[in-house]
Amino acid sequence: MAATVTISPQTLRPLAETMRPRSMAWRRGVDLLVRVIASLSACVGLIALTWILLTVCIRGGAAISWTFLTQLPTPPGVSGGGVSNAIVGTCLMTLLAGLAGIPLGLLAGVYLAEYGKNSAVASAVRFAANILMGTPSILIGVFINVLLVSPPIGLGHYSGYAGAAALAIIVLPVVARTSEDMLRLVPDTLRESALALGCPRWRMTLDIIFRAARGGLLTGVILAIARVSGETAPLLFTALNSEYSVRSLDEQTANLTVFIANKGPSPYADWQQMAWGASLLITLGVLSLILIARFTLRERKS
Amino acid sequence: MNSALRAPWALIVCAAAVVAPSCSKSDTLTINGSGASFPYPIYSKWAYTFQQLDGTRINYQSTGSSVGVTQVKQKTINFGASDVPLSEQELDEAGLVQFPLVIGGIVPVVHIAGVEPGTLKLSADVLAKIYLGEIKTWNDSAITALNPDLKQLPDISIAPIRRSDGSGTTWIFTNYLAVVSSDWKDKVGVGKEVSWPAGVGGKGNEGVAANVAQIEGSIGYVEYAYAVQNKMTYVLLQNRKGRFVAPSLESFAAAEAAAEKTSDWASAPGFYVSLVDQPGDETWPITGATFILIHKEQADAALAGKMLKFFDWCYRHGADAARGLHYVPIPAGIYGPVEATWDKEVRAGGKPIER
Amino acid sequence: MAGYPEAHPGLPTPTPLADDGRGTGWTSNVARSRNTGDLIFQSLTGLGAVVVVAVVGAILLLLLWKSMPSIQRFGLGFITSSDWDPLHERFGAWPSIYGTLVTTAIAMLLAVPLSLVTALFLVDLSPPWLSRIVGTGLELLAAVPSIIYGMWGMTVFASFMQRWIEPGLAGTLGFLPLFQGQMNGMGMLTAGLILALMILPYICAVSRDVFRMTPGVLKESAYGMGATTWEVTRDVTIPYGMRGILGAVFLGLARAIGETMAVTFVIGDNRHVAASLFASGNTISSTLANQFNEATGIKYSVLVELGLVLFLITVAFEIFAHLWLRRLRNAGGR
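The structure displayed is predicted, hence computed values, not measured ones. (Residues numbered from 1 in each chain as written. Chains lettered and ligands numbered in written order. Predicted model: local features only at pLDDT ≥ 70, side-chain atom pairs only at ≥ 80, totals over all residues. Heavy atoms only, no water.)

## Quick notes on the overall build of chain C
Applied cut-off: Starting at the N terminus, helices and strands are each numbered in turn, a helix being any DSSP run of H or I of at least four residues and a strand any DSSP run of E of at least two. The cut-offs for exposure are 20% and 50% of the maximum accessible area for each residue type, with area from a 1.4 Å probe on protein chains only; residues under the lower value are buried, those over the upper are exposed, and the others partly exposed. In what follows, residue pairs with any heavy atoms lying within 4.5 Å of each other are defined as contacts. Using a 1.4 Å probe, accessible areas were evaluated by the Shrake-Rupley method; residue-level cover was limited to the displayed protein chains.
Tallying secondary structure elements over chain C gives 13 helices and two strands in all. For chain C, the residues scored as buried account for 56% of the 334 residues in total. In chain C, 73% of the contacts between residues at least 6 apart in sequence involve partners at least 24 apart. Accessible surface computed for chain C: about 13,800 Å², of which carbon and sulfur atoms make up 67%.

Below you can see the structure in the form of C-alpha cells.
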C-alpha cells in the first residue's frame with residue numbers, strides 16, 4: 001500500500017515551524033552576539049599585533065640612533081656600527097622589484113578580470129598565480145640562483161639585480177590575484193556606462209575601473225611589498241649580503257633581512273640589538289609607505 | 001597628462017635612478033668569501049681591521065659550509081670557508097687549496113636546577129650514552145658516580161638538545177662522539193646532519209641555547225662563544241688523560257698543541273688534523289679547526305695577491321682579535337707550511353702570486 | 001575623439017545588466033574594435049598573464065630537473081616513508097608532509113574565522129578612525145620580517161605557550177591524544193599559532209576591501225527591509241564577495257604552506273610523526289630551511305623533490321578551491 005500524506009494540522013506544524021519568521025528580539029540578539037564576537041576578534045588581532053610590535057620596538061628602539069642609520073656594520077665589540085648600506089640596498093632592491101612586479105601583476109590581474117574572465121586560458125593563469133604564491137621563497141631564491149647567478153646559465157656572481165628579480169617573482173602573483181579579485185567586484189554597470197559613452201577599453205580600465213577599485217588594489221600592492229621587505233631566503237641565494245656600501249647592484253648587495261639573519265642568531269649582544277633595530281626599521285619603513293600611499297590615494301569626500 | 005599616462009613615465013624615471021649607480025665603478029677591490037657560520041664573527045672582525053689598514057674590502061658572509069664549498073667550486077665567490085675539511089680527492093678534483101684559519105671549541109651545556117656552571121662532570125662515554133638515549137635520567141648511577149660531591153642530581157628525564165639544521169658544529173660534535181664511543185660510530189655516525197636517536201632539535205646555536213634555557217633537565221652543545229656570552233651552565237668534560245677539564249681558550253690551544261706533537265700538519269692533505277680527543281692534561285676534547293678553500297688557478301693576480309695578503313695578516317696579526325672573540329689562533333708553526341703551499345700551488349696565469 | 005558614439009564604429013549597444021558569469025557578450029564584440037590603444041593594452045595584459053605562467057612553468061621545470069636523481073632513487077615510496085638518515089642516504093617525506101598539513105590546518109582554522117569577523121568589525125561596526133588605525137596596524141603585521149616572528153616565537157611566545165596555553169589545553173582536553181605528551185612550548189601547535197598570526201593580516205585586509213566594495217545599493221535595500229547588520233553581512237555582503245573572500249583565504253593558505261623562517265624556529269624538528277600537537281615536527285619548508293645550506297649530492301636532490309611535493313600539494317588545494325567555487329556559483333545561480 002503506497003504511503004500517503006494527509007494534510008492535517010499535525011503535518012502542517014513542522015512546515016510552519018521552518019517558515020515562521022523569527023521574532024525581532026531573536027534577530028537583534030543574534031546581531032548583538034555577532035557584534036560582540038567581532039569586536040573581541042579584532043581585539044585578539046590587536047593584542048597579538050601590539051605584543052609583537054612592542055617587542056620589536058623595545059628591543060630595536062635601543063639600537064636606533066643617528067650612527068645606526070648612517071654607518072656601516074662593525075664586528076662584535078666594536079661600537080659605532082650601523083646599517084646604512086643595508087637600508088640603501090633593501091630600498092633599491094624593493095623598489096626595483098616593485099617596478100617589475102607591480103605593473104606586470106596589475107596587467108595580469110586586468111587580464112584575468114576583464115579579458116580572460118572564466119575562459120580556460122584564464123583559469124590556467126589563475127592556477128599558475130596561486131601556485132606561485134604558495135611556493136616557498138627559498139625555492140624562488142634557488143630558481144633565480146640557477147638562472148642569474150650560478151654558471152653556466154647565470155652571470156657567475158651574486159648581484160642585487162638577481163635579488164630584485166627574486167623579490168619581483170614574489171610580488172607578481174600577490175598583486176595579480178588581489179587585483180583580479182578587486183576588479184571583479186566592480187559592478188559591470190560602471191563598465192557599461194563608460195563604454196556606452198564611447199570610452200576606449202583601455203581608458204575605461206585605467207581611469208574608471210582602477211579608481212573604483214583603488215582601495216583594494218592598493219591593499220594588494222601594500223601586502224606584496226610588505227611581504228618582500230621581510231623576506232630573507234630568496235636574497236640569501238641571489239644578492240647575499242655585503243658589509244660595505246652599495247656601489248653597484250651588479251655585486252653582492254647589503255640588505256636588512258640577511259643582515260638580521262646573520263646577526264640575530266649570534267651570541268653577541270650588540271649584534272643582536274642591531275638585528276632588532278633593523279627589524280624595527282623594516283616595520284617603520286613599510287608603515288611610512290602605507291601611510292604615504294593611502295594619503296595620496298585617499299577617497300575625496302564628495 | 002592624466003594619472004594613467006603619468007605612471008609609465010614615473011616608472012622609467014625610477015628605473016633609471018636605480019640603475020644609474022651601477023654605471024660607475026670605483027677601483028677599490030672587493031674580495032667575496034662565504035661559508036661556515038662558526039667563524040663568522042672573527043672573520044668579520046679581521047676583514048674590518050684589514051680594510052682600515054689596506055683599503056681592500058673583504059666581504060665574508062655566513063651561508064653554511066656546504067654553500068661555501070659549492071660557491072667556491074662554481075667561482076661565484078673568491079674564497080670559501082668550511083668547518084668540515086674536504087678530502088684530498090675532492091680537493092684535487094676541484095683544484096682547490098685548503099688551509100686552517102682559526103680554531104674553536106664546542107661545549108656541552110645543561111639546565112639542571114641547582115647545578116652551577118663548571119660543576120657537573122661528564123665522561124665521554126656518559127655523554128655518548130645520553131645522546132644515544134641510553135642514559136635517561138640525571139640521577140642515573142653512571143652520572144652520580146662521576147659527581148660524588150654534587151648533592152642531589154634530580155630524578156628528572158634528560159632532554160638531549162641537538163641541532164635541527166645541518167652544521168659543521170654537529171660534524172665536529174659527532175666526530176668526537178664517534179671517536180670516543182664505538183657504539184655511536186656504529187649506530188649513528190659522523191655528519192653535518194645525522195639521524196639522532198633521541199632529543200629535541202633547535203635551529204642554530206641560538207635554537208639550542210633557547211631550548212636549553214627553556215627545558216628543565218636538558219643538555220645541549222653550542223660553540224664556546226655562545227656559552228660564554230650567554231653565561232650558560234657548561235660542564236667539565238673528561239679528556240683522554242682522564243682529567244676533567246673546563247672549556248677555555250687554554251684548553252682548546254692545548255688540544256691543538258697536542259695534535260701538533262703527534263701528527264704532522266705540514267704533510268697532512270688539506271692540512272686536516274683531527275683535534276678531537278687529543279692526549280694531554282689540559283686538552284679540551286671537543287675542539288676543531290675551520291678551513292679556507294681557494295682555487296689553485298686564480299684568474300686575477302692582483303685580487304689573489306690581496307687575498308693571500310689578508311690571510312697572511314690574519315695569521316700574523318690577528319691573534320689578539322681571535323682570542324677576544326673566544327677563538328684560538330692558528331699557532332705560528334703552521335704558517336710556514338701553509339704559505340709554502342701557497343707559493344707552490346696557487347698560480348695566476350702560470351706565475352706565482354705576489355703578496 | 002572620445003565622447004561621441006559615431007567616432008567609434010563597431011561599438012554595439014550594451015545588453016541587459018545580468019552577469020551570468022560568462023560575460024555579457026559585448027566584450028567579444030568590443031575586442032573586434034580596431035582602436036590601437038585597446039589592442040596595445042590588451043596585448044600588455046596578455047603579457048602580464050604570460051609572464052606569470054612562464055615563471056611558474058620555469059620553476060616547475062627546474063624543480064623537476066634538480067629532483068630527478070632523488071625521484072629515480074626513491075620513487076613513490078618517498079611520499080610515505082618516514083626514514084631520514086642522511087649518512088646512509090635514506091630519506092622520506094612523510095613527516096614533513098604531515099607537519100605541513102597539520103600546521104596549515106591549525107593556522108587556517110584559527111585565522112579564517114578570526115579574519116573574517118575582524119574584517120566585519122572594521123567595515124561595519126567600528127568608527128572610521130578606529131577602522132583606519134586597526135586596519136593599518138594589521139597591514140603592519142604583514143611587514144614584520146618572518147625571521148622576527150621566528151625569533152619572537154622562539155624566545156617570547158614559546159615560553160608563554162609552555163607556561164599557560166599547553167598546560168591549559170592538557171588540563172581541559174587532555175583526553176585527546178592531540179594534547180598529550182611533553183610540553184616544551186615549541187612544536188606543531190606553536191608553529192600553527194604563529195602561522196595563524198602571520199596570515200591573519202592577509203586574509204583580513206583583503207576581506208575588508210571585499211566587504212567595502214559591496215555596492216551600497218544592495219546593502220541599503222536590505223537595511224531598508226529591516227535586516228540587522230549580521231543578516232546583511234550573512235545574506236548580502238558575503239555572497240556578493242564570496243569569490244574575493246575565497247581569494248583572500250587562498251592568499252593566506254599559500255602563505256601558510258610556504259612560510260619558512262618563522263616555522264623553522266619554533267617547530268623543533270622531529271623525524272617521526274607524533275599524534276600530539278605539543279610534539280616537535282617538521283614542515284616541508286622548515287626541512288628546506290634547515291638543510292638546504294648544508295646539502296650536497298643526493299640530499300640536495302631530495303630537498304628539491306620536497307619542494308616539488310609542496311608544489312603538488314598547492315595544486316591539490318587549488319583544484320579543491322576551484323571545484324568548491326564552481327559548486328557555489330552553480331548553487332547561487334549567479
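That covers the picture; the talk isn't over yet.
## Observations regarding the interface of chain A and chain C
Rules: Take a side-chain nitrogen of Lys or Arg and a carboxyl oxygen of Asp or Glu: if they are within 4 Å of each other, that pair is a salt bridge. In protein, a polar contact requires one atom able to donate a hydrogen and another able to accept it; more generally it is a pair of N or O atoms within 3.5 Å, and residues adjacent in sequence count only if both atoms are side-chain atoms. Residues were grouped as follows: Ala, Val, Leu, Ile, Met, Phe, Trp, Tyr, Cys and Pro as nonpolar; Asp, Glu, Lys and Arg as charged; and all remaining residues, including Gly, as polar.
Between chain A and chain C, the contact holds 101 residues from the first and 108 residues from the second. Joining chain A to chain C, the criterion identifies two salt bridges. The closest approach of N and O atoms between E139 of chain C and R294 of chain A, which form a salt bridge, is 2.5 Å. Along the contact surface separating chain A from chain C lie 12 residue pairs in polar contact (both at pLDDT 80 or more). Element by element, the count of residues in the side of chain A that touches chain C is highest for helix α2 (residues 24–61) of chain A, at 22 residues. Grouping the amino acids of the side of chain A that touches chain C by side-chain chemistry returns 62 nonpolar, 23 polar and 16 charged.

## Considerations on the sheet that holds strand β10 (residues 236–238) of chain B
Residue and element names in this part refer to chain B. To keep it simple, the criterion reads: The criterion for strand pairing is that DSSP finds at least two bridges linking the strands in question.
In spatial order, the strands read β5-β10-β11; together these three strands make up an open sheet with mixed pairing. Each of the sheet's edge strands pairs with one partner strand only, and the pair in question is β5 (121–122) and β11 (244–245). Bridge analysis of β10 against β11 gives two bridges, and the strand direction is antiparallel. Residue L237 lies in a different strand from β11, and its bridge partner there is V245.

## With respect to the sheet that holds strand β13 (residues 297–298) of chain B
All names here are of chain B. Strand order in this open sheet of three strands is β13-β15-β16, and the pairing throughout is mixed. Across the chains shown, the open sheet's two edge strands, defined by having one partner strand only, are β13 and β16 (351–352). Bridging between strand β15 (residues 347–348) and β16 involves two bridges; their strand directions are antiparallel. The partner of A348 across the bridge, within β16, is K351.

## So, the confidence of the model for chain C
Parts of the model with low pLDDT should not have their predicted coordinates read in detail. All names here are of chain C. We apply this condition: A score between 0 and 100, pLDDT records how confident the predictor is in each residue.
Mean pLDDT over chain C: 81, with 89% of residues reaching 70 or higher. Confidence drops under pLDDT 50 across residues 13–26; counting only partners more than four residues distant or on other chains, this segment forms 18 contacts. As a predicted assembly, this complex carries a pTM of 0.82 together with an ipTM value of 0.81.

## As for the interface of chain B and chain A
This is how it is decided: Two parts placed together each lose some accessible area; with a 1.4 Å probe, that loss summed over both constitutes the buried area.
Chain B puts 44 residues into the contact, and the matching count from chain A is 41 residues. Between chain B and chain A, a total of about 3,500 Å² is buried, with carbon and sulfur atoms accounting for 57% of that surface. Connecting chain B to chain A are one salt bridge. Between R57 of chain B and E251 of chain A there is a salt bridge; the shortest N-O distance is 3.7 Å.

## Topic: the environment of A124 of chain A
All names here are of chain A. Positionally, A124 belongs in helix α5 (residues 120–134). Residue classification places A124 among the partly exposed positions, given a relative accessible area of 43%. As a C-alpha pair, A124 and V142 span 18 residues in sequence and 24 Å in three-dimensional space.

## Concerning the packing of aromatic side chains
Definition in use: Only rings of Phe, Tyr and Trp enter the pairing, Trp through its six-membered ring, and a pair is recorded when the two centres are within 6.5 Å. The plane angle decides the type: under 30 degrees is stacked, over 60 is edge-to-face, the rest tilted. As a reminder, the over-ring test applies to NZ of lysine and CZ of arginine, requiring each to be within 6 Å of the ring centre and within 35 degrees of the ring normal.
Per the counting criterion, the structure on display carries 38 aromatic pairs over all chains. Centre to centre, the rings of F99 of chain B and F311 of chain B are 5.3 Å apart; their planes meet at 75°, and the pair counts as edge-to-face. Of this pair, F99 of chain B sits in strand β4 (residues 96–111) while F311 of chain B sits in helix α12 (residues 301–317); the two residues are 212 residues apart in sequence, bridging distant segments of the chain. Residue F99 of chain B is classed as buried on the basis of its relative accessible area, which comes to 0%. Looking at F311 of chain B, the relative accessible area reads 0%, which means it is buried. Aromatic side chains Y315 of chain B and Y335 of chain B sit 4.9 Å apart centroid to centroid with 20° between the ring planes, which places their arrangement in the stacked category. Of this pair, Y315 of chain B sits in helix α12 while Y335 of chain B sits in helix α14 (residues 335–345), and the two are 20 residues apart along the sequence. Neither residue differs from the other here; Y315 of chain B and Y335 of chain B are each classed as buried. Residue placement shows K263 of chain A over the ring face of W271 of chain A; its charged tip is 4.7 Å from the ring centre. Note that K121 of chain B overlies the ring of F244 of chain B, its terminal NZ or CZ placed 5.7 Å from the centroid.

## Some points on the pairing of strand β6 (residues 159–163) of chain B
Residue and element names in this part refer to chain B. Along β6, five of the five residues are buried, which leaves the element largely enclosed by surrounding structure. When β6 meets strand β8 (residues 218–223), the two strands line up parallel, connected through two bridges. Bridge pairing in β8 places A159 opposite S218.

## Section: a nonpolar patch on the surface
In plain terms, the rule: Residues forming no salt bridge and having over 30% relative accessible area are the ones grouped into patches, like charges within 9 Å of each other and nonpolar side chains (Val, Leu, Ile, Met, Phe, Trp, Tyr) within 5 Å.
Where nonpolar side chains cluster on the molecular surface, the patch consists of L173, F175, L176 and L178 of chain C and spans about 350 Å² of accessible area. Within the fold, F175 of chain C resides in the loop between α6 (146–173) and α7 (188–212).

## What to know about the environment of R298 of chain A
Summarising the element assignment, R298 of chain A is placed in the segment after α12 (269–296). For R298 of chain A, a relative accessible area of 46% translates into the label partly exposed.

## Brief notes about the nonpolar core
This is how it is decided: In this text, buried Ala, Val, Leu, Ile, Met, Phe, Trp, Tyr and Cys residues form a nonpolar core when linked through side-chain atoms within 4.5 Å.
If you look at the biggest cluster of nonpolar residues, it comprises 307 residues, and the most contacted ones within it are W46, F99, L120, I143, I294 and F311 of chain B. Apart from residues lying up to four places away in sequence, I143 of chain B is in contact with L120, L122, V126, I130, I135, T137, W138, L153 and I158 of chain B.

## What about the pattern of salt bridges?
Residues and elements named next belong to chain A. Scanning the entire structure with this criterion turns up 42 salt bridges over all chains. Here R203 makes a salt bridge to D207, at a shortest N to O gap of 3.2 Å. Of the two residues, R203 and D207 both sit in helix α9 (residues 201–229), four residues apart, roughly one turn of that helix. Judged by its relative accessible area of 17%, D207 falls in the buried class.

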